Amino acid sequence: MLIAGRAGRRASDYAKLSRLIKDAGLLERRKLYYWARIVVNILLIAAAGVALSLFHNSWWVLLVAVFFAIVSTQLAFTGHEAGHRQMFKGRRANEIAGYLHGNLMIGLSYDWWVDKHNRHHRNPNQAELDPDIGTGAFVFSHEEAAKRGRVGKFAARWQAFFFFPLLALESLNLQVASIRAVAKTGARNRGVEASLLFVHVAGYLTLLLLTMSPLKALAFLVVHQALFGIYLGCSFAPNHKGMKMLSKDEEMDFLRRQVLTSRNVTGGVPVGMLLGGLNWQIEHHLFPSMPRPNLRRAVPIVREFCEEHGLPYAEANLYRSYQLAMGHLHDVGATA
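Residues numbered from 1 in each chain as written. Predicted model: local features only at pLDDT ≥ 70, side-chain atom pairs only at ≥ 80, totals over all residues. Heavy atoms only, no water.

Visitor: Tell me what's going on with the overall build of the protein chain, and back it up with residues and numbers.
Guide: Helix and strand counts for the protein chain come out as 16 helices and 2 strands. Whereas a compact globule of 336 residues would reach a radius of gyration of roughly 20 Å, the protein chain reaches 21 Å, a difference of no more than 12%. Counting only carbon and sulfur atoms, one obtains 65% of the accessible surface of the protein chain, whose full area is about 16800 Å². Computed over 38 positive and 24 negative side-chain charges, the separation of the two mean positions in the protein chain equals 4 Å. (Helix = DSSP H or I, 4+ residues; strand = E, 2+ residues; numbered from the N terminus. Rg over C-alpha atoms; globule rule 2.2 N^0.38 Å. Areas by Shrake-Rupley, 256 points an atom, 1.4 Å probe, with all protein chains shown as cover. Lys, Arg positive; Asp, Glu negative; His and termini not counted. Charge placed at Lys NZ, Arg CZ, Asp CG, Glu CD.)

Visitor: Tell me about the nonpolar core, and name the residues and values.
Guide: Buried together is how nonpolar side chains tend to be arranged in soluble globular proteins. Membership of the largest hydrophobic core comes to 19 residues, with the highest contact counts inside it found for L17, I21, L255, L286, M290 and V302. For this core, the secondary-structure elements that each account for two or more residues are α1 (2-23), α12 (254-260), α14 (281-286) and α15 (292-308). Considering every element that reaches this core, the biggest residue donor is α15, with 6 residues. Contacts of V302, omitting those with residues within four sequence positions, involve L17, I21, I282, E283, L286 and Y313. In this structure, L75, Y110, V114 and L232 belong to the second largest nonpolar core, which totals 17 residues. (Core = buried A, V, L, I, M, F, W, Y, C linked by side-chain atoms within 4.5 Å. Buried < 20%, exposed > 50% of the residue type's maximum accessible area, 1.4 Å probe, protein only. Contact = heavy atoms within 4.5 Å.)

Visitor: Just give me the short version of the packing of helix α2 (residues 31-55) against helix α3 (residues 61-83), but keep the residues and values in it.
Guide: Their axes nearest at 10 Å, the elements α2 and α3 cross at an angle of 160°. Between α2 and α3, the crossing angle belongs to the class labelled roughly antiparallel. The element α2 and its partner α3 pack so that their crossing is left-handed. On the side of α2, the interface is formed by Y34, R37, N41, L44, I45, A47, A48, A51, L52 and F55, while α3 contributes V61, V64, F67, F68, V71, Q74, L75, T78 and E81. (Axes fitted to C-alpha atoms, helices over the stretch in contact; angles between N-to-C directions. Parallel < 35°, antiparallel > 145°, perpendicular 65-115°, else oblique. Left-handed = near helix turned anticlockwise from the far one by under 90°.)

Visitor: Could you give an account of empty space enclosed by the protein, with specific residues and numbers?
Guide: Regions of empty space are outlined by a rolling probe, equal in size to a water molecule, passed over the atoms. Scanning all chains against the criterion turns up 1 cavity of 30 Å³ or more. The volume enclosed by the largest cavity comes to roughly 40 Å³. Together, H80, E81, Q86, G276, G277, L278, H284, R292 and L295 line the largest cavity. Listed by contribution, the elements that provide at least two residues to the lining of the largest cavity are α3 and α15. Taken together, the residues that form the lining of the largest cavity break down as 2 nonpolar, 5 polar and 2 charged. (1 Å grid on protein atoms, 1.4 Å probe; cavity = no way out; pocket = protein on both sides within 12 Å on 5 of 7 lines; lining within 4 Å. Points joined across faces, edges and corners; volume = space filled by probe spheres on them. Nonpolar A, V, L, I, M, F, W, Y, C, P; charged D, E, K, R; others polar.)

Visitor: Go over the layout of surface pockets with me, naming the residues and quoting the values.
Guide: Here the largest pocket defines a volume of roughly 1200 Å³. In this structure, the largest pocket is lined by 48 residues; those nearest its centre are K116, D132, E170, N173 and L174. Secondary-structure elements contributing two or more residues to the lining of the largest pocket are α3, α4 (91-106), α5 (110-122), α8 (159-167), α9 (170-183), α11 (214-236) and α14. Ranked by residue count, the leading element in the lining of the largest pocket is α5, at 8 residues.

Visitor: Can you break down helix α10 (residues 190-211) residue by residue, with the values?
Guide: Look at α10: 32 Å from first C-alpha to last across 22 residues, which is about the 32 Å you get at 1.5 Å a residue. Considered for burial, the residues of α10 that qualify are E193, L196, L197, H200, Y204, L208 and T211. Looking straight down α10, one finds its buried side chains confined to an arc of 110°; they lie on one side. Within α10, the exposed residues directed more than 90 degrees away from the buried face are F198, L209 and L210. (Expected span 1.5 Å × (residues − 1). Arc of directions from axis to C-beta.)

Visitor: Can you lay out the confidence of the model for the protein chain for me, pointing to particular residues and giving the numbers?
Guide: Confidence along the protein chain averages 91 in pLDDT terms, with 96% of residues attaining 70 or more. Averaged over each element, pLDDT in the protein chain is lowest for α1 (76) and highest for α14 (98). pLDDT under 50 marks residues 1-5. Its contacts with residues more than four places away, or in other chains, come to 0 contacts. (pLDDT = per-residue confidence, 0-100.)

Visitor: Lay out unusual backbone geometry with the relevant residues and their values.
Guide: One non-glycine residue, R85, lies in positive phi territory at about 60°. Secondary-structure assignment places R85 in the loop between α3 and α4. Classification of R85 as partly exposed rests on a relative accessible area of 38%. Although it is not a glycine, N189 adopts a positive phi angle of roughly 50°. Residue placement: N189 occurs in the loop between α9 and α10.

Visitor: If you had to explain the packing of aromatic side chains to someone new, which residues and values would you point to?
Guide: For the structure shown, the criterion picks out 11 aromatic pairs. Relative to Y110, the ring of Y99 lies with its centre 5.2 Å away and its plane at 75°, an arrangement referred to as edge-to-face. On the criterion of sequence distance, the pair formed by Y99 in helix α4 and Y110 in helix α5 is long-range, its members being 11 residues apart. Owing to a relative accessible area of 8%, Y110 belongs among the buried residues under this scheme. Judged by centre distance (5.6 Å) and plane angle (45°), the rings of W158 and F161 are tilted. Among the residues examined, W158 registers a relative accessible area of 42% and is labelled partly exposed. (Phe/Tyr/Trp six-rings, centres within 6.5 Å; stacked < 30°, edge-to-face > 60°.)

Next up, the structure:
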């Protein structure tokens, strides 16, 4: 009875916070903001195309590849918000925005990513349930490190040093996973996704080969995709690494699960633009459908609520957040 009562009170804590957020109007859609963002994305793509036409005859084109990487990541941020239905009220409108920004513009399967990312949101930092800390190149818990073989343990000991270089392969990893997901029989909207991915790959390669020599095209592709992966990975890395880890069977109410496993990155609007709103990670995990421009307005409400209920509200500046994330990877690897 005592345990059931405590669980009920904790569940009602989130209901109280939700009421505060809803009464503040922070769950209302910001259509004007997102239409403006779509226009900005189109302008960025046009600017990238103009820059490519101006510099395609020289090696300065690699600077354009850097710009392409920035634009690609900003497009991914918009696709992320479409996946959470932050942009529009209707599911269909968000899906269309997601397919265009994901499959067509950056070559990532929207449906595959939404499924993977939703599983992360349901089980952040929980062993065997959060796909972002699943079996892969890195280990995030001492238990996982202990299971690795000799080669795996050696790699784990140096994983903090390999982290940023390996992010250069993240774009390739996501695109290969997208193709595999769409190739599976029974994949949702398989025809639409496959067609858009094909148009993206064909259009991208054709653009490079028509505007520059094969050698420059190869160099452009490597620089663009490597920096895209690094920027994208660095935008997600500070949010959960070094925060509370949960075992597979550990139970926790929604409010505490999201707050205790997430970290905000301070720096206000400039950092918000740089990280696509992911710096307000606690608020984003508590209210995934909250539009990006409303997240910073939710911060004082959520922070005060956490203080009143004895919940630690983790914040760090950008440098310190990476320091904590890399420190966690090093500590886990050191025990391997």
